[in-house]
Amino acid sequence: MPRLHSSGWAFALALLAVSLAAPAADGPQTLTGVNFMAKDFTLNDADGRPHRLAELRGKVVLVNFWATWCPPCRREMPSMQRAYDMLKSKDFAMLAVNVGEDVETIFGFSFATGVELTFPILLDRDSAVTNAWPVRALPTSFLIDRDGRAVFRAVGGRDWDDPKLIGAIRELVGAQDR
Amino acid sequence: MPMTPDPNRRSTAGARLAAPLGVALMLLAAPAGARDAAQSVDAETGIESWEAAHHGVYIKLMQITPGQALAFYLARGFDAAPANRFAGACVFMTLLRNDAAPGPVAFDLRDWRLIQGGTERPLTQRDDWLAEWKRTGVPEPARVAFHWAQFPTRHTYERGDWNQGMHSYGGAPGDRFNLKLVWKADERTYRTVLRDLRCAPDDR
């Protein structure tokens, strides 16, 4: 085992970051059915603009709880962007609630991904919103139907542009077409 | 840049375990067992990891060295003293996944035991650490980061659900130990023992 020297903290962080940036598990791409009214929240995005969940009523919404140091969170972000690009014109919205980090950290992460993240990234600095939802670990995601009801949950990272998940979202949007 | 063992994707060894061994274990009638986990060592970093599959549940423990844990928490607002205390408490990246269990997998780390020198003892839990951090004045943003970086104390994973996070197993750097794991699925309690795990040596 190589010994870390005082100048090695940056190396240690980088090493840990590399391991954290590794791909997520090859588990099945599943969603679990749930049924509860999504608790409303208002959080600012990285540009200081407020976003309120209730104002998205009428759309299907993916609410994702994440942090930049969380490996499966990092891994699923590009797939979230691809899913968002595919579905955003179809009464579908996405909110990525960052837990506990500041704007600079999030900007640094966004730059490092090499993927332009165009869906809102919201700051839950004290994790009050996250604590108010049934979230025990990161990442955890919920699909909210047009009536504001959480109908699916995913614990752990997913490939959000996987055909199974895209199909599930399309079905949810389509089944509720008005 | 050197790569640590991938804590997420199944390695070749993991795939070997997760498929035939997983199926074989699911066929066993007895929901308890004591098995060696497949151990691997990263050739460049020396970081060791252990992985196993039991009754459709996949688990992986990967050493986090004291230096890595210290650096992680210093970067998130901890002072050196508390960060060092946690970093020296045998931290592993812990991953648990429901691949094909016979039902939702419910676990509570308060049921898990570290076995060392013929004695069993409970693990120090996230809330124990958080209480200490609050008592010793660790700033709230640092405590928030700590809370969410830990493997959850209790959770229920439906098929396909999983998480990973840090957890301190309580040995000293370099210590060897066995780990008794307990979970419930389909109204049955499953137990297994992962043998001869090793806390990362001190690299601070």
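Higher on the page you've got the structure.
Rules used in this analysis
Residues numbered from 1 in each chain as written. Chains lettered and ligands numbered in written order. Predicted model: local features only at pLDDT ≥ 70, side-chain atom pairs only at ≥ 80, totals over all residues. Helix = DSSP H or I, 4+ residues; strand = E, 2+ residues; numbered from the N terminus. Buried ≥ 20, exposed ≤ 12 C-beta atoms within 10 Å, placed from the backbone. Contact = placed C-beta atoms within 7 Å. Pairing = 2+ DSSP bridges. Axes fitted to C-alpha atoms, helices over the stretch in contact; angles between N-to-C directions.

Draft legend 1. View of unusual backbone geometry. Cis geometry is found at the peptide bond from Leu138(A) to Pro139(A), where omega equals -10°. Mapping Pro139(A) onto the fold places it in the loop between helix H4 (128-132) and strand S7 (140-144). Despite not being glycine, Cys90(B) shows a phi value in the positive range, around 65°. You can see Cys90(B) is positioned in the loop between helix H3 (80-87) and strand S5 (91-98). The exposure class assigned to Cys90(B) is buried, which follows from the 26 C-beta atoms found within 10 Å.

Draft legend 2. Main features of the environment of Arg159(B). By the secondary structure assignment, Arg159(B) is in the loop between strand S9 (154-157) and strand S10 (162-168). When the 18 C-beta atoms within 10 Å are taken as the criterion, Arg159(B) is described as partly exposed. Sequence spacing of Arg159(B) and Asp99(B) is 60 residues, and the spatial spacing of their C-alpha atoms is 5.8 Å. Setting aside its immediate chain neighbours within four residues, Arg159(B) contacts Pro28(A), Thr30(A), Asn98(B), Ala100(B) and Ala101(B).

Draft legend 3. Main features of the sheet that holds strand S2 (residues 38-41) of chain B. All names here are of chain B. Strand order in the open sheet made by the five strands is S2-S3-S4-S5-S10, with antiparallel pairing throughout. Taken across any chain shown, the strands that pair with only one partner, and hence form the sheet edges, are S2 and S10. Strand-to-strand twist of the sheet, defined as the mean angle between neighbouring strand axes without regard to direction, takes the value 20°. Here six bridges tie strand S3 (residues 48-54) to strand S4 (residues 57-63), and the two strands are oriented antiparallel to one another. Bridging from a neighbouring strand, His54 pairs with Val57 of S4.

Draft legend 4. Fine view of the sheet that holds strand S5 (residues 92-99) of chain A. Residue and element names in this part refer to chain A. Across the sheet, six strands lie side by side as S1-S8-S7-S4-S5-S6; this open sheet has mixed pairing. The open sheet terminates on both sides in strands that have one partner only, identified here as strand S1 (32-37) and strand S6 (121-124). Across the sheet, the mean angle from the axis of one strand to that of its neighbour is 25°, orientation sign disregarded. Note that strand S4 (residues 60-66) and S5 share seven bridges and pair parallel. The residue of S5 that forms the bridge with Trp66 is Asn98.

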